[in-house]
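Fold and contact review
Next come the chains, spelled out residue by residue.
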Amino acid sequence: MGLAERVIKPSIVRGIVLYTALIVIASCALFPILWAVSGSLKDEGEVTTPTLFPAHPLWSNYREVFALMPFWRMFFNSVFYAVCVSAGQVFFCSLAGYAFARLRFRGRDTLFVLYLGTLMVPLTVTVIPQFILMRVAGLTDTPWAMIVPGLFGSAFGTYLMRQFFQTIPAELEEAAILDGCSPWQIYWRILLPHARPAVMVLAVLTWFNVWNDFLWPLLMIHRSSIATLTLGLVRMQGEYVARWPVLMAASMLILLPLILVYAIAQRAFIRGIAVTGLGG
Amino acid sequence: MASVTFEKATRRYPDTTRPAVDHLDLDVGDGEFVVLVGPSGCGKTTSLRMIAGLETVDSGRIRIGTRDVTDDDPKDRDVAMVFQNYALYPHMTVAQNMGFALKIARLTKAEIRERILDAARLLDLEPYLDRKPKDLSGGQRQRVAMGRAIVRRPQVFLMDEPLSNLDAKLRVQTRNQIAGLQRRLGTTTVYVTHDQVEAMTMGDRVAVMRDGVLQQCAPPRELYRSPVNMFVAEFIGSPAMNLFTLPVVDQSVSLGDWPIRLPREITAAAEEIVVGIRPEHFEIGGGGVEMQIDVVEELGADAYLHGRVAESDNTFGQTIVARADGHNPPLRDSRVRLHPQPGHLHFFAADGRRLP
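The structure contained in this document is the topic of the report that follows. Note that this is a predicted model, so its numbers are computed, not measured.

**Some remarks on the pairing of strand 4 (residues 59-64) of chain B**
Residue and element names in this part refer to chain B.
- In this sheet, strand 4 lies alongside strand 1 (residues 4-11) in antiparallel orientation, the contact comprising five bridges. When the sheet's bridge partners are listed, Thr 5 is paired in strand 4 with Arg 63.
- Judged from the two bridges that link them, strand 4 and strand 5 (residues 67-68) form a sheet pairing that is antiparallel. Its bridge partner being in strand 5, Ile 64 is matched across the sheet by Arg 67.

The structure is reproduced here in structure tokens:
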């Protein structure tokens, strides 16, 4: 056996083991989605049979989704809420993260720990007070109800941005100070462009959260002209109980934009996870 | 251009017992190149940052020209700084990095462009203006950091160990470039380094600091020839000066079996005295102190002999280093006699201060 073979062999074995394991795990994760895709192409009789490939793929299920719910309207609503909340989160969390990471003021660390502590409080505890707040403010069943609560940042986002800003060397900021920047200019022109990976992570995660959120829109929104896709999906389920293929087709259509967003932002997203120390 | 003056400037970090910079009095003349040098933690970088306004001054004043800047914001001080890690903005190109301060100062685009090109020409950076810092070599990054300071045409350049991230060869080359550039531009410069060779070769004057206290500020030659205390004597020069603590008997001391008569100006009141001789100030052969050679360090042109002083009772005493001709150095384990060149003996009191 030559030297080269001896060196390569263990890495081939390791590769086979590694990839087999990865394929098994990926299959487990992908199976439900594949099942849903398959279900969305079956007719109502076939949908309960345990076959992965439909005998006669039925694309008309997709057409029916558009007939049964105001899909594009709800799609626009979901995108609109996700964009607004993501932008707000990025802006306010990065500002707060910058302050917590870089500015020196009395009680900074105590305040940060307290703010971080709100992560411990589950949504179910705050959902009723939040509902009352929204009703008092007269925002229920308006688009504002979907945007305002998430707009001004979150403890998680602030934490994420703070962690990132802390990794930026102090000299970069000092160089900017000597170049004549005000704190706002340091944030806006130096630190924020530098923080793009973290910004991407926060934006994508927020987008996912808003897109997938169900409980909050369920509580806030009645009119279907301002409803989100998740809400539309569930309402369809109520009205057409047995139509699983159509429901699955609708689910696929809702999932698609998420996959697209992730595919586009993937590289920056992974880099962001790595640099903010969220991975592992 | 302007002078920089420290007047009893003191910086005390919270929760520390001794000040990082202690009553510093130093005057950097208009257009002068002064190097602050000393071991880690001696307060040299803190002093530099006090000029920049990145450290607060707890007591005393700092002036730039005639203006008291002690309480001014960094941006109002008209100083530019080159950082040890260069602190280039990673998301900007070389040109944007260099022009950033000018953009903040709202200069016209044409003027910014012109100044960037001037500096780029001076620093051989023209081909790299559109590159990002990550696509540059260490030496190029260092030049961009210099360029960023130059385009501002500030009253004072502050440089914090700007060469410490370069390899040895490039460091020597860049050292000369910076010194030449400073002379050409005539901008007052305060330069921090822990490398005494850098300090000696670059500065008009060198300020040696220790534990936050200025020891001596003088032109390199004076620092080398008449250090004010043992610390400066040992810090300046490489290898370091030999220092022998010897008992005074009858207005003279003896190093091994070799007697040294103390100059008349030194009163023999003290029981002990420290005699200093630089390794390069020994002549080999003839009379003098006898040395047992333990190690011969050959550097090509020179060889350094490391060994111990042979005492009269045939034991070996204090360590000693001497320079020998690199062509034909003495052998290890042999003994040689070293004779100090006249006029190159230094005397210090036991507390370290120089005796006249």
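**Side note on the sheet that holds strand 9 (residues 205-210) of chain B**
All names here are of chain B.
- Pairing within the open sheet is mixed, and its six strands lie in the order 6-7-8-3-9-10. Of all the strands in the sheet, just strand 6 (79-82) and strand 10 (213-218) have a single pairing partner and so form its edges. Each adjacent strand pair in this sheet contributes to an overall mean axis angle of 20°, direction not counted.
- Direction of pairing for strand 3 (residues 33-37) relative to strand 8 (residues 188-193): parallel, over a ladder of five bridges. Looking at the pairing, Phe 33 lines up with Thr 189 of strand 8.

**Observations concerning unusual backbone geometry**
Residues and elements named next belong to chain B.
- The amide bond that connects Ser 238 to the next residue, Pro 239, takes the cis arrangement and shows omega of -5°.
- On the secondary structure map, Pro 239 appears in the loop between helix 8 (230-235) and strand 11 (242-247).
- For His 23, which is not a glycine, the phi torsion comes out positive at approximately 45°.
- Using a count of 15 C-beta atoms within 10 Å as the deciding quantity, one classes His 23 as partly exposed.
- Positive phi is not limited to glycine here, since Arg 153 has a value of about 50°.
- Along the chain, the position of Arg 153 falls in the loop between helix 4 (138-150) and strand 7 (156-160).
- Arg 153 sits in the partly exposed class, given 15 other C-beta atoms within 10 Å.

**Observations concerning the environment of B:Ala105**
Residues and elements named next belong to chain B.
- As for its position among the elements, Ala 105 is in the loop between helix 2 (94-104) and helix 3 (109-122).
- Residue class for Ala 105 comes out exposed when judged on the 12 C-beta atoms lying within 10 Å of it.
- In sequence terms Ala 105 and Lys 75 are 30 residues apart; their C-alpha atoms lie 10.0 Å from each other.

**Notes on the sheet that holds strand 11 of chain B**
All names here are of chain B.
- Strands sit in the order 11-14-19 across an open sheet of three strands; the sheet is antiparallel. Since the sheet does not close on itself, it has two edges, and those belong to strand 11 and strand 19 (346-348), each with one partner. Ignoring strand direction, the axes of neighbouring strands in this sheet form an average angle of 30°.
- Bridge count for strand 14 (residues 272-277) against strand 19 is three bridges, and the pairing is antiparallel. The residue bridging Val 275 from the neighbouring strand is Phe 347, located in strand 19.

**Some details on the interface of chain A and chain B**
- Every contact between the two is made by 14 residues of chain A and, on the other side, 17 residues of chain B.
- Secondary structure elements with two or more residues in the side of chain A that touches chain B: helix 8 (170-178) and helix 9 (183-194) of chain A.
- Considering every element that reaches the side of chain A that touches chain B, the biggest residue donor is helix 8 of chain A, with six residues.

**Section: the environment of A:Leu116**
Residue and element names in this part refer to chain A.
- Looking at the secondary structure, you find Leu 116 in helix 4 (residues 108-117).
- Separated by 40 residues in sequence, Leu 116 and Phe 156 have C-alpha atoms that sit 7.3 Å apart.
- Once residues within four sequence positions are removed from consideration, Leu 116 is found in contact with Ala 155 and Tyr 159.

Calculation criteria
- Counting starts from 1 at the beginning of each chain's written sequence and moves along it residue by residue.
- Chains and ligands are labelled sequentially in the order written, the chains with letters from A and the ligands with numbers from 1.
- For a predicted model such as this one, the threshold for reporting local features is a pLDDT of at least 70, and the threshold for listing and counting side-chain atom pairs is 80 or more; totals across whole chains, interfaces and linings nevertheless cover every residue.
- Here the rule is simple: two strands pair whenever DSSP picks up at least two bridges between them.
- A run of DSSP states H or I qualifies as a helix once it reaches four residues; a run of E qualifies as a strand once it reaches two. Both are numbered from the N-terminal end.
- Interaxial angle, 0 to 180 degrees, is taken between N-to-C directions of lines fitted to C-alpha atoms, where a helix line uses only the stretch in contact.
- Residues with at least 20 neighbouring C-beta atoms inside 10 Å of their own are called buried, those with 12 or fewer are called exposed, and the rest are partly exposed, where every C-beta is derived from the backbone.
- By definition, residues are in contact whenever their C-beta atoms, placed on the basis of the backbone, come within 7 Å of each other.

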